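What follows is the residue order along each chain.
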Amino acid sequence: MKIQYIDPLEKLGKLLLEVEKPGRYTGGEYGSISRRLFPDEDQAFLRMLIAFPDLYEIGMSNQAFRIIYNRLNKIPGISCDRVFAPAPDFESLLRRQNLPLYGLDTGISLKNLDILMFTLGYELGITGVLAILDLSAIPVFSSGRGGEDPIVIMGGPCVSNPLPYAAFIDAFWIGEAEAGFFELAGELQAMKQAGAGRGELLERICSHPSVWARGKSSAVRAIDAGFASRSPDAAVFPVPSMKTVQHHGAGEILRGCPNGCRFCHAGFWYRPMRQKPGDVVAGEAEAFISQGGYREISLSSLSSGDYVYIGDLVDQLNRNFADRHVSFQLPSLKVSSFSLPLLEKISETRKSGLTFAVETPEESWQLAINKIVSRENVLNILREAKRRGWRGAKFYFMIGLPLGDLPAADGDGQSEETRIVDFIAGLGRSAGMFFNINVGIFVPKPHTPFERAAQITMTEARGKLEYIRSRLKPLGHKVSIPDPLLSAIEGILSRGDERTGELIKTAFDRGCRLDAWTEYCRKDLWEELLVSYKDLTEEILGEKSTEKPLPWNYIKSGVSNSYLENDFSRSISKEITSTCINKCTHPCGICKKDINIVHNTIHHDNLLYENPLPNPEKSPDELAEPPAQAKADRDFSLWRIIFSFSKEGRAVFLSHLSMVEVFSMALLRAGVRVLFTRGFNPLPKLEICAPLSLGISSAGEIAAVDTRDYYAAEDFAAAMNGKLPEGIRIQGADNFFIPGGEKKYSLASRLWGFSYAGDRDTVDMVKAGDEKKYRALRTEPDNGSVFGLKRLSVLAKDPENPDQGRSFFTAFRVLYPISRQNRHYD
């Protein structure tokens, strides 16, 4: 079979300017590690690809996606590419051009893969799965695939009930990829090299105990027993060239959760709680910073406050990285009096917010969900936080929890919505604060104590949400509420059986895509479908009888069914279940001989950082001492590196803001210690002189960065060029010393204009104020495209004759004549 590769610049070119954010589809990011195979490698290599069924800026933030991509590409004989769901405009463009969806690293058509993998973290992404398959000319139904089609595998937390998706997927990986999937991939590569075909590979996949497929009676969730003992192995690459939704490095400090909140699917699905040693976390943070260039690191977990090393860890990270203006986030920290000092520590670089996940305000209701957050404790924390400088907080609540019979809001005043309003209004008055309130809708999920509970109807949900919003907003609080329709769809997709597949396919055929996005979700179509499939959806969302087996009984999570039933009984009687610890009083069945809770087993204060990370060595491009002028007035003087760079190829589809982020991260990767702005959110003192429109290439853009220390220009250029994504290269650099008290000119203030490549090998000189008119004259008359236009240089005002343009390097040598003459040009 001939392998088809798609080069988006060659096949689409200027047409990419017709879609929003074309950088989503061009690849070329720093750290891309999958590679195109030569013809003689095709038979030996296993061609894999990990697909995320949502937009690029969501998928590139996903930790599981990055782990799979990085780990598979380390296995000899495997090439693993990546792809994301296209937005409707790009899907339409590919269909018009009769082009398949392709991998971002190699351009391989998904049709030509051996194995296509999906990770599904949110149920509403399933129409994205179908869009990727259909756009790649891969039969949507697994029954329609043959020897020329890839094997389609799906994993992620949503496959804890795989039945709704079973018609579309060949095999489901149940559980954590680190617990056997990569070893299985290695076996499959060896089988392919020995001549095995699709059928044999699929048969081996389905024989794995943690794989479920149609016809199998059960699958056992894979649990990574080595999570707490593995050496640092950060999934850093690739580094996105555009801002993602969660644009930060993510170091997982803890997996699982000890608290046993009865509504929480993740808390039960990722049992048992396992913790990484502090030095491993610090090593992974170092990789995200020095290799990835991230200045924000999220210490991710389901409950950061339960990480036993948290105080020591934050102290160590602040010591190691404060001089590089790196901030750390604890996204799942339960706010308590203990954690306020901790929040202050992680706010040394950027202020962190206070977040209270109360869920439900009444103590008896909290007992029902196994989570206690008392009003008195919250109020005391808020008062202390206000004294320490916090001015507000965020609260999370949930409606529709199975709390017993609750009256309506117009009844005796005990309904959940009235209690939420009273709780927040009282706290606001007592603490003298205004809050951000986020109210969610409870969706009963498989493998939790509430898995048989009914989901609140859309009508009930709308009434409760509107009641809360209408009463809290006039008091000055901000209230965010979800769309009950989307919560209903989530419930149907997470709790359904194989009949749900027909509903999914119909929704896709009618045009449903990217349903989690307000701007893309076809709510009108979904509402029509829920009416058409009313009997099915009401059955799925209704209470499930204990006399009937659940659709997901095929999947063995490790938590016993008897435990879930007993815990639901404790919920009814308002009893607390103990937290997950060694020798717990309520064993759930998850702890086995080789899998146990890792808690207080390797922590010793004097050994946690037995080998603390040293302060990073200076990069080769740094000189130990600045000249005497800078020493004399160090607090007010600075060095400004002005550099020119080219922007070509795939990079022409990166926006100006993306270019700022690209250089900010490359500077950190190259070891350049830059100066920062002051204020709430310090940013590197980096300036790109003149924004360049998408589609226009350039041979000589101008930018500058301020540093406290001197860097040799040639070393700066060499170090940076090794850390930049494809299509961007430093072409020249000069270093200028600006003494304290002397005017510090911005690049924009000295801009004269540009030179452009004209027709017939001429050079056009264009003043800054005339550039828009010039571009209009050079654009294609039929579509106004600027694709193919090339800017040759950015010119500064001549300090001695402002009406003339000249090189920025020359102009700044006139402005700052004491500059050390250390220029570098390619």
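These numbers were taken from a predicted model, which means no experiment stands behind them.

Rules used in this analysis
Residues numbered from 1 in each chain as written. Predicted model: local features only at pLDDT ≥ 70, side-chain atom pairs only at ≥ 80, totals over all residues. Heavy atoms only, no water. Phe/Tyr/Trp six-rings, centres within 6.5 Å; stacked < 30°, edge-to-face > 60°. Helix = DSSP H or I, 4+ residues; strand = E, 2+ residues; numbered from the N terminus. Buried < 20%, exposed > 50% of the residue type's maximum accessible area, 1.4 Å probe, protein only. Axes fitted to C-alpha atoms, helices over the stretch in contact; angles between N-to-C directions. Parallel < 35°, antiparallel > 145°, perpendicular 65-115°, else oblique. Left-handed = near helix turned anticlockwise from the far one by under 90°. Contact = heavy atoms within 4.5 Å. Nonpolar A, V, L, I, M, F, W, Y, C, P; charged D, E, K, R; others polar. Salt bridge = Lys/Arg side-chain N within 4 Å of Asp/Glu carboxyl O. Core = buried A, V, L, I, M, F, W, Y, C linked by side-chain atoms within 4.5 Å. 1 Å grid on protein atoms, 1.4 Å probe; cavity = no way out; pocket = protein on both sides within 12 Å on 5 of 7 lines; lining within 4 Å. Points joined across faces, edges and corners; volume = space filled by probe spheres on them. pLDDT = per-residue confidence, 0-100. Pairing = 2+ DSSP bridges. Polar contact = N/O pair within 3.5 Å; in protein donor to acceptor, adjacent residues only side chain to side chain.

1. Concerning the packing of aromatic side chains
Summed over all chains, the structure comprises 35 aromatic pairs. On the basis of an interplanar angle of 65° and a centroid distance of 4.9 Å, the ring pair of W639 and Y710 is categorised as edge-to-face. Taken together, the residues W639 in strand β18 (residues 638–647) and Y710 in the loop between β20 (697–707) and α23 (713–721) connect sequence positions 71 residues apart. On the basis of relative accessibility, which here comes to 1%, the residue W639 falls in the buried class. For the pair F653 and F787, a centre-to-centre distance of 5.9 Å together with 20° between the ring planes defines the contact as stacked. Taken together, the positions of F653 in the loop between β18 and α22 (656–669) and F787 in the loop between α24 (771–778) and β24 (790–798) put the pair 134 residues apart, joining distant regions of the chain.

2. Examining the packing of helix α15 (residues 458–472) against helix α16 (residues 484–495)
Two elements in contact, α15 and α16, have axes separated by 9 Å at closest approach and are oriented at 140°. Classified by the interaxial angle, the pair formed by α15 and α16 is oblique. Once α15 is placed against α16, the crossing between them reads as right-handed. From α15, M458, A461, R462 and L465 reach across to α16, where they touch P484, L485 and A488. Of the residues that constitute the contact of α15 with α16, the class distribution is 6 nonpolar, no polar and 1 charged.

3. A closer look at the pattern of salt bridges
Here the structure, examined in full by the defined rule, presents 53 salt bridges. Taking the shortest distance from any N to any O, the salt bridge between E498 and R214 comes out at 2.8 Å. Placement of E498 in the loop between α16 and α17 (500–509) and of R214 in the loop between β6 (211–212) and β7 (219–220) is noted, with a sequence separation of 284 residues between them. Here E416 makes a salt bridge to K464, at a shortest N to O gap of 3.2 Å. Placement of the pair is E416 in helix α14 (residues 416–431) and K464 in helix α15, with a sequence separation of 48 residues. A residue is classified by how much of its surface remains accessible, and E416, at 2% relative accessible area, is buried. A relative accessible area of 11% places K464 in the buried class. When salt bridges that share partners are traced, they join E176, E178, R221, E252, R255 and R274 into one network.

4. Some details on the nonpolar core
One finds M48, L72, F90, L116, M154 and Y165 to be the most contacted residues of the largest nonpolar core, which totals 114 residues. Among the elements that make up this core, the one with the highest residue count is helix α5 (residues 126–135) (7 residues). Counting residues in hydrophobic clusters, the runner-up holds 66 residues, among them I253, F288, Y307 and V373.

5. Comments concerning empty space enclosed by the protein
Tallied over the full model, the rule gives 7 cavities of 30 Å³ or more. Put simply, the largest cavity is a space of about 230 Å³. Considering every element that reaches the lining of the largest cavity, the biggest residue donor is helix α3 (residues 63–72), with 5 residues. For the lining of the largest cavity, a count of residues per class yields 6 nonpolar, 3 polar and 10 charged. The space that makes up the second largest cavity amounts to roughly 80 Å³. Forming the walls of the second largest cavity are R24, Y25, Y56, V83, F84, A85, P86, F90, L101, Y102 and L104.

6. Looking at the confidence of the model for the protein chain
Mean pLDDT over the protein chain stands at 90; residues scoring 70 or higher make up 90%. Counting contacts from residues 599–634, a segment whose pLDDT is below 50, to residues more than four positions away or on other chains yields 70 contacts.

7. With respect to the sheet that holds strand β2 (residues 78–84)
Taking strand neighbours across the sheet as the criterion, the 6 strands line up as β2-β1-β3-β4-β5-β6 in an open arrangement whose pairing is mixed. In this open sheet, the two edge strands, each paired with only one partner strand, are β2 and β6. For strand β1 (residues 46–52) and strand β3 (residues 115–119), the ladder comprises 4 bridges, and the chain directions are parallel. Its bridge partner being in β3, M48 is matched across the sheet by I115. Contacts from α5 reach β1, β2, β3 and β4 (151–155) within the one sheet, and its direction differs from that of β3 by about 160°. Each of β3, β4, β5 (171–173) and β6 is contacted by helix α7 (residues 198–206), which is oriented at about 20° to β4, the strand it contacts most.

8. Thoughts on the side chain of T418
Position of T418 relative to the elements: it lies in helix α14. Residue classification places T418 among the buried positions, given a relative accessible area of 5%. At a separation of 2.8 Å, a polar atom in the side chain of T418 contacts the main-chain carbonyl oxygen of S415.

9. A look at the sheet that holds strand β12 (residues 327–329)
Spatially, β8-β11-β12 is the arrangement adopted by the 3 strands of the open sheet, whose pairing is parallel. Looking at strand neighbours, the two that pair on one side only are β8 (249–252) and β12, the edges of this open sheet. The sheet shows a mean angle of 25° between the axes of neighbouring strands, direction not considered. Here 3 bridges tie strand β11 (residues 296–300) to β12, and the two strands are oriented parallel to one another. Counted as the bridge partner of S298 is Q329 from β12.

10. Side note on unusual backbone geometry
Across residues other than glycine, the phi torsion is negative in most instances, and most of the peptide bonds are trans. A cis amide bond, omega -5°, links F237 with the succeeding residue P238. Mapping P238 onto the fold places it in the loop between β7 and β8. For the bond running from R271 to P272, omega is -5°, close enough to zero to count as cis. Mapped onto the secondary structure, P272 falls in the loop between α8 (265–269) and β10 (274–275). Even without being glycine, K21 reaches a positive phi, approximately 50°. Inspection of the secondary structure puts K21 in the loop between α1 (8–11) and β1. The backbone of R760 shows a phi angle near 55°, a positive value even though the residue is not glycine. Secondary-structure assignment places R760 in the loop between β22 (751–757) and β23 (763–767).

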